[in-house]
Amino acid sequence: MIKAGIIGATGYAGEELVRLLLSHKEAEICWYGSRSYVDEKYADIFRNLFQVVEDRCLSDNMEELAKQVDVIFTATPQGYCAGVVNDEILKNTKIIDLSADFRIKDVSVYEKWYKIEHKAPQYIEEAVYGLCEINREKIPGARIVANPGCYTTCSILSLYPLVKEKLIDPQSIIVDAKSGTTGAGRGSKTANLYCEVNENIKAYGVLTHRHTPEIEEQLGYAAGEDIQIIFTPHLVPMNRGILVTAYANLSQNVTWEQVRAAYDKYYGKEPFVRVLDRDVCPETRYVQGSNYVDVNFKLDERTNRIVVMGALDNVVKGAAGQAVQNMNLLFGLPEGEGLQQLPMCF
């Protein structure tokens, strides 16, 4: 059995990790770490786990945790993992970090967008960006896996075949994305109160959202050039889900069949990316609670542009599910182990 520890177990992504790992045949949770709830019963915080989890929350002492487990999940704010990781910890365990600390290879870009100093730049180069569908071969040997962001996972997977096959001008990409409120975390914030979110939809982080450079970096690798995109996120009154609608100029006159062939080339055998039938638009309700990403596209012959759509559950494939998928790859397990939950459509 893989012994796993979670730091940040009482956040939304942390609780989802617990839910998924409890159904995993090859893993056991040995540490429910939470700075805010030390010594409180985990099932008193999330009562869906009453009589399922009897453990109490422990501290966020990563050095002690590393001596006891094979893998540590850090479902923590930006800066935590980089602030505590060291050589001794990495000798004892592997880390799957759900924050952005090791996603971006350029330290100056990270510090500019996240407005904090990076405390462990010496580990950035070796960290593997854990988007399994693209970096599957690099993950098994990693000591640190940088679990991608939720907006970025949906945006990159929706656009990747088009960029890789040079079917679009990558400098023309515009991403319009909408997220449920769990994406903002479990902390108390006025902007996320029920009365602020209900019966409302709003753009935020316009031209400043921190997932922008992550999307640009990963799509830039696919394009073979530095790219810049426009990315605008929106908050919508639902608990979970991300819907991305992206627009780009086609680089040539292409047919629907050619574009579909590109998606089938990269995703035809992927267990968690579903390319929908022609003219079917992705919806968040049909991926809710699952590790699936649904994608599709429409060609606009009138303007020679393409509209690309993607949907995922932001706390599963956008966070905890992807982290478990990475854990499976790290330890040579079937990639879908613990991730076979079907979507809940209502």
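Conventions adopted
Residues numbered from 1 in each chain as written. Predicted model: local features only at pLDDT ≥ 70, side-chain atom pairs only at ≥ 80, totals over all residues. Heavy atoms only, no water. Helix = DSSP H or I, 4+ residues; strand = E, 2+ residues; numbered from the N terminus. Rg over C-alpha atoms; globule rule 2.2 N^0.38 Å. Contact = heavy atoms within 4.5 Å. Areas by Shrake-Rupley, 256 points an atom, 1.4 Å probe, with all protein chains shown as cover. Core = buried A, V, L, I, M, F, W, Y, C linked by side-chain atoms within 4.5 Å. Buried < 20%, exposed > 50% of the residue type's maximum accessible area, 1.4 Å probe, protein only. Salt bridge = Lys/Arg side-chain N within 4 Å of Asp/Glu carboxyl O. Axes fitted to C-alpha atoms, helices over the stretch in contact; angles between N-to-C directions. Parallel < 35°, antiparallel > 145°, perpendicular 65-115°, else oblique. Left-handed = near helix turned anticlockwise from the far one by under 90°. Nonpolar A, V, L, I, M, F, W, Y, C, P; charged D, E, K, R; others polar. Pairing = 2+ DSSP bridges.

Enquirer: Looking at this model, I keep getting lost on the overall build of the protein. Mind explaining?
Expert: Check the secondary structure of the protein and you find twelve helices and 13 strands. Over its C-alpha trace the protein gives a radius of gyration of 20 Å, about what one expects of a compact globule, namely 20 Å for 346 residues. Dimensions of the protein, computed from the C-alpha atoms along their principal axes, are close to 60 × 45 × 40 Å. Considering only intrachain contacts with a sequence separation of at least 6, the fraction spanning at least 24 residues in the protein is 70%. Carbon and sulfur atoms form 49% of the exposed surface of the protein, whose accessible area is close to 15,400 Å².

Enquirer: Help me understand the nonpolar core, please; the structure alone is not making it clear to me.
Expert: Within soluble globular proteins, side chains that are nonpolar tend to cluster in buried spots. Ranked by internal contacts, the top residues of the largest apolar core, which has 43 residues, are Leu 21, Tyr 42, Phe 73, Ile 96 and Leu 98. In terms of residue count, the dominant contributor to this core is helix H12 (residues 316-330) (eight residues). When residues no more than four places from it in sequence are discounted, the contact partners of Tyr 42 are Ala 9, Thr 10, Gly 14, Glu 15, Val 18, Tyr 32, Leu 49, Val 53, Asp 55, Arg 56 and Cys 57. Val 275, Val 293, Ile 306 and Leu 312 belong to the second-largest nonpolar core, a separate cluster that totals 42 residues.

Enquirer: What exactly am I supposed to notice about the pattern of salt bridges here?
Expert: Pairing between side chains becomes possible if they bear opposite charge and their charged atoms approach one another. Scanning all chains against the criterion turns up 18 salt bridges. Of the charged contacts, one joins Asp 313 and Arg 240 as a salt bridge, the two residues approaching to 2.9 Å between their closest N and O atoms. One end of the pair, Asp 313, is in the loop between strand E13 (305-312) and H12; the other, Arg 240, is in the loop between strand E9 (230-235) and strand E10 (242-249), and 73 residues separate them in sequence. What makes Asp 313 buried here is its relative accessible area of 1%. The partly exposed category is assigned to Arg 240, whose relative accessible area is 22%. Note that Asp 264 is salt-bridged to Arg 260, the shortest N-O span being 3.1 Å. Pair noted here: Asp 264 and Arg 260 are both in helix H11 (residues 256-267), with a separation of four residues, about one helical turn.

Enquirer: Just to check I follow, could you spell out the packing of helix H8 (residues 150-164) against H11 for this structure?
Expert: Between two packed helices, both the angle of their axes relative to each other and the distance between the axes serve to describe the pair. Interaxial distance between H8 and H11 falls to 9 Å at its minimum, and their mutual angle equals 115°. Considering their axes alone, H8 and H11 lie roughly perpendicular with respect to each other. As for how H8 packs across H11, the hand of that crossing is right-handed. Residue-level inspection shows Ile 156, Leu 157, Ser 158, Tyr 160, Pro 161, Leu 162 and Lys 164 of H8 in contact with H11, the latter providing Val 259, Ala 262, Tyr 263, Tyr 266 and Tyr 267. Class assignment of the residues belonging to the contact of H8 with H11 gives a composition of ten nonpolar, one polar and one charged.

Enquirer: It is not clear to me how the sheet that holds strand E5 (residues 128-129) should be interpreted in this structure. Could you clarify?
Expert: Sheet strands pair via backbone hydrogen bonds, and the direction of the pair is either parallel or antiparallel. Taken in spatial order, the six strands of this open sheet run E2-E1-E3-E4-E6-E5, and their pairing is parallel. Looking at strand neighbours, the two that pair on one side only are strand E2 (27-33) and E5, the edges of this open sheet. Summarising the sheet, strand E3 (residues 71-74) and strand E4 (residues 94-97) pair through four bridges and their orientation is parallel. The residue bridging Ile 72 from the neighbouring strand is Ile 95, located in E4. Sheet contacts for helix H1 (residues 12-22): strand E1 (2-7), E2 and E3; angle to E2, the most-contacted strand, approximately 155°.

Function cannot be inferred from these measures alone, as they are strictly geometric.
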